[in-house]
Amino acid sequence: MIIDVPEGQDPITYVWGSMVPGIGPAAAGLSLAVYEHTTLGLREFEAARLRIAQINGCVFCLDWRTERDGEKVEDSFAAAVEDWRTTDAFDDRTRLAAEYAERYAIDHHGIDQDFWDRMSAHYTDAEIVELSMCLGSWLAFGRLNHVLGLDATCVLPSPR
């Protein structure tokens, strides 16, 4: 970790809250909102989230599995996300979510009309916006935590 955290302080709470009290809690609110208020299915949500985690290299994000109503994706899901182009474990929506995550993170200028046509065939405009906001949150905050070395200590706070 490259940030000096006082003895006895939780690194995430200290960096995201105490160090930047005007920004950190708002950022944490967005980070939690994508989990609490998503309307996306668990598989496409996790495919996109995990692909961003794989690209960012965020240790915590790679280990995390979103749970909904006692359900989580299968143990082999992360490997399928890495192989999103060829895996037979994904339906079209899940594959597109992983592809969009990768393109969003690595080559957003290369997203072309063909891709949007494929997305629009499987996602509503509202779902595309929601997924885009989720991707932005995961890309920004997973990368922030990894770059600052917080990802080895990261624990998501409980919902309010």
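Residues numbered from 1 in each chain as written. Predicted model: local features only at pLDDT ≥ 70, side-chain atom pairs only at ≥ 80, totals over all residues. Heavy atoms only, no water.

### What to know about the packing of aromatic side chains
At step 1: Across all of its chains, the model carries eleven aromatic pairs by this definition.
At step 2: With a centroid separation of 6.4 Å and an interplanar angle of 80°, the aromatic rings of Y35 and W64 are classed as edge-to-face. With Y35 in helix α2 (residues 24-36) and W64 in the loop between α4 (59-63) and α5 (77-82), the pair connects residues that are 29 residues apart, well separated along the chain.
At step 3: Taken together, Y35, F45, F60, W64 and W138 form an aromatic cluster joined through their ring pairs.
At step 4: One cation-aromatic arrangement involves R68 over F45; the distance from NZ or CZ to the ring centre is 5.0 Å.
At step 5: Between R93 and the ring centre of Y123, over which it is positioned, the NZ or CZ distance is 4.1 Å. (Phe/Tyr/Trp six-rings, centres within 6.5 Å; stacked < 30°, edge-to-face > 60°. Helix = DSSP H or I, 4+ residues; strand = E, 2+ residues; numbered from the N terminus. Lys NZ or Arg CZ within 6 Å of the ring centre and 35° of its normal.)

### Some points on the packing of α2 against helix α8 (residues 125-147)
At step 1: Direction vectors running N to C along α2 and α8 enclose 130°, while the axes themselves pass 10 Å from each other. Here α2 is positioned oblique relative to α8, judged by the angle of their axes. Judged by the sense of rotation from one axis to the other, the crossing of α2 with α8 is left-handed. Across the interface between the two elements, A27, L30, S31, V34 and Y35 from α2 touch M133, C134, S137, W138 and F141 from α8.
At step 2: Across the contact of α2 with α8, the residue classes break down as eight nonpolar, two polar and no charged. (Axes fitted to C-alpha atoms, helices over the stretch in contact; angles between N-to-C directions. Parallel < 35°, antiparallel > 145°, perpendicular 65-115°, else oblique. Left-handed = near helix turned anticlockwise from the far one by under 90°. Contact = heavy atoms within 4.5 Å. Nonpolar A, V, L, I, M, F, W, Y, C, P; charged D, E, K, R; others polar.)

### Quick notes on the environment of S76
At step 1: Inspection of the secondary structure puts S76 in the loop between α4 and α5.
At step 2: Once the C-alpha coordinates of S76 and G22 are considered, the two residues, 54 residues apart in sequence, prove to be 40 Å apart.

### Digging into the side chain of E99
At step 1: Note on placement: E99 falls in helix α6 (residues 92-106).
At step 2: Residue class for E99 comes out buried when judged on its relative accessible area of 9%.
At step 3: Those residues within four positions of E99 in sequence are excluded, and the remaining contacts are W84, F115 and R118. (Buried < 20%, exposed > 50% of the residue type's maximum accessible area, 1.4 Å probe, protein only.)

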